[in-house]
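# Chains, contacts and geometry: an overview
Here is how the chains run, residue by residue.
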Amino acid sequence: MSVASHYDGSASTYAGQYDAKKIWTNEEYPSNYFRLELVQRLLASADATSVYELGVGDATPLVRIATTGIRVAGNDISPEMVRFARSNMESHGLDPSAISLLDVQDEVALQAERERVGTFDVVMAMGVIPHVSDDAAFVSAMDGFLRPGGRLLLQFRNSMFSMFTFNRLTKEFILDELLTDVDQGIRDVVAADLDARLAVDKPPKRTRPTGDGYDEILSRFHNPFELADVVRAHGYRDVHYHWYNYHPAYPMISDQIDATAYRKAQIDLEGDPSWRGMFLCSAGIIEAVKDDA
Ligand SMILES: C[S@@+](CC[C@H](N)C(=O)[O-])C[C@H]1O[C@@H](n2cnc3c(N)ncnc32)[C@H](O)[C@@H]1O
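Sequence order as written defines the numbering, with residues in each chain counted from 1. Selection of residues for local features in this predicted model requires a pLDDT of at least 70, selection of side-chain atom pairs for listing and counting requires 80 or more, and totals for whole chains, interfaces and linings are taken over all residues.

## A closer look at the domain arrangement of the protein
Those domain boundaries reflect an automatic or database domain assignment. According to the domain assignment, the protein consists of domain 1 (3–161 + 209–290) and domain 2 (166–202). Each of domain 1 and domain 2 has a C-alpha centre, and the two are 30 Å apart. With 4 residues of domain 1 in contact, the opposing surface of domain 2 contributes 6 residues. Residues that form the side of domain 1 that touches domain 2 fall into these classes: 2 nonpolar, 2 polar and no charged. Throughout, a residue-residue contact means that the two C-beta atoms, derived from backbone geometry, are no farther apart than 7 Å. We call Asp, Glu, Lys and Arg charged. Ala, Val, Leu, Ile, Met, Phe, Trp, Tyr, Cys and Pro are nonpolar, and the rest, Gly among them, are polar.

See below:
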């Protein structure tokens, strides 16, 4: 099963998470709604006049960005997402051919797309790097659409959040990221201890009968420090983290809290610019400026 088929399956309902009227009623926390608000603030402060997006989804974010007069274009690997994105563009008076069907891991397709669309003030990728295997190649793919001095906005799933979840993800982070060079005998003792302390049966895996649920396809977390190093290695400066999808309690105990009070506490935390986001947020955006050539 593939990333494309996963997103084909969610294309028809994808726009719901960006609906302001559903912020309080959506069963799943609408983190992408707050991500888009954050992206719009970053675009305004960068005075962006053009934006290219890798992995546009149904283009709800791009269409909203275009309403401020910004020129937009982008791509996606999912045929259904591209179908919805083109129709979404068209119904808002935008050019549907600005959306290409392509795999950002396909260098030949990327090169043809670059020649077709040129370079932009801002290049963004929201929710895409979890699904690719080569981080350096992905940043390089983004870089190819960005003008010198332009801004890169790269979203990632935050592996540091596992320090606040006390579950299987915490165990994986400690063993696979913190204790990588420690003697196997010691790691085994730590692993056994963590099995007793942590809820290693959580979180539940998100599966689908079709076998392409979010946790059945490639959907990686990233270490914010390591990902920032990859970005810097491509000639970027002024690297900043922006955090979103705050958790006022660790997810496995959230059902002990009144649902409306919990959501209010989540929303109240969105936009906190402090270091706490590195631990309380399951996702973040790296913003960085491309060196002038
Ligand atoms: C989590 S969704 C986010 C969509 C959109 N960026 C947004 O913010 O609403 C990720 C999107 O990336 C696309 N994607 C994943 N891997 C890709 C690849 N290798 N090439 C192009 N698009 C990809 C998926 O099809 C999906 O539409």
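## As for the sheet that holds strand β6 (residues 236–246)
Reading across the sheet, the 7 strands line up as β3-β2-β1-β4-β5-β7-β6 and stay open at both edges, with mixed pairing between neighbours. The strands lining the two open edges of the sheet, one partner per strand, are β3 (99–101) and β6. Neighbour-to-neighbour, the strand axes of the sheet open up by a mean angle of 15°, direction not taken into account. Bridge count for strand β4 (residues 120–125) against strand β5 (residues 146–157) is 5 bridges, and the pairing is parallel. Only when DSSP finds a minimum of two bridges between them are two strands counted as paired. The secondary structure listing takes helices from DSSP runs of H or I that are at least 4 residues long and strands from runs of E that are at least 2 residues long, numbered from the N terminus. Only the contacting stretch of a helix is used when fitting its axis, a line to C-alpha atoms as for every element, and angles between N-to-C directions run 0 to 180 degrees.

## Overview of helix α7 (residues 168–178)
The burial label depends on the number of other C-beta atoms within 10 Å of a residue's C-beta. Counts of 20 or more mean buried, 12 or fewer mean exposed, and intermediate counts mean partly exposed, with C-beta atoms placed from the backbone. Where α7 is concerned, the buried positions are L169, T170 and K171. Residues of α7 that are buried in the fold lie against α8 (184–197).

## Some remarks on the site of the ligand
Whether a residue is near a molecule or strand depends on its C-beta atom, generated from backbone atoms, being within 6 Å of that molecule or strand. Neighbouring the ligand are 20 residues, the closest being Y7, G55, G57, I77 and G127. At the level of secondary structure, the elements contributing two or more residues to the shell around the ligand comprise α1 (3–10) and β2 (71–76). A breakdown of the residues in the shell around the ligand according to their chemical character gives 10 nonpolar, 8 polar and 2 charged.

## So, the packing of helix α6 (residues 135–143) against helix α9 (residues 224–233)
In contact at an axis separation of 10 Å, α6 and α9 are set at 50° when each is read in the N-to-C sense. Relative to α9, the element α6 lies oblique. Crossing of α6 over α9 shows right-handed handedness. Across from D135, A136 and V139 in α6, the residues of α9 making contact are L227, V230 and V231. Considering only residue class, the contact of α6 with α9 consists of 5 nonpolar, no polar and 1 charged. An angle below 35 degrees is treated as roughly parallel, one above 145 as roughly antiparallel, one from 65 to 115 as roughly perpendicular, and anything else as oblique. The crossing is said to be left-handed when, going from far helix to near helix, the turn is anticlockwise and less than a right angle, and right-handed when the turn is clockwise.

## Let's talk about the packing of α7 against α8
The N-to-C vectors of α7 and α8 enclose an angle of 170°; their axes lie 10 Å apart at closest approach. By the angle between their axes, α7 is roughly antiparallel relative to α8. Contact with α7, carried on its side by K171, I174 and L175, involves R187, V190, A191 and L194 of α8 and no other residues of that element. Split into classes, the residues belonging to the contact of α7 with α8 amount to 5 nonpolar, no polar and 2 charged.

## Here we look at unusual backbone geometry
Excluding glycine, a negative phi dihedral is what most residues carry, and trans is how most peptide bonds are arranged. Residue K202 is joined to P203 through a cis peptide bond whose omega torsion reads 0°. Within the secondary structure, P203 is located in the loop between α8 and α9. Unlike most non-glycine residues, F166 shows phi in positive territory, near 55°. Positionally, F166 belongs in the loop between β5 and α7. Looking at F166, the number of C-beta atoms within 10 Å reads 19, which means it is partly exposed.

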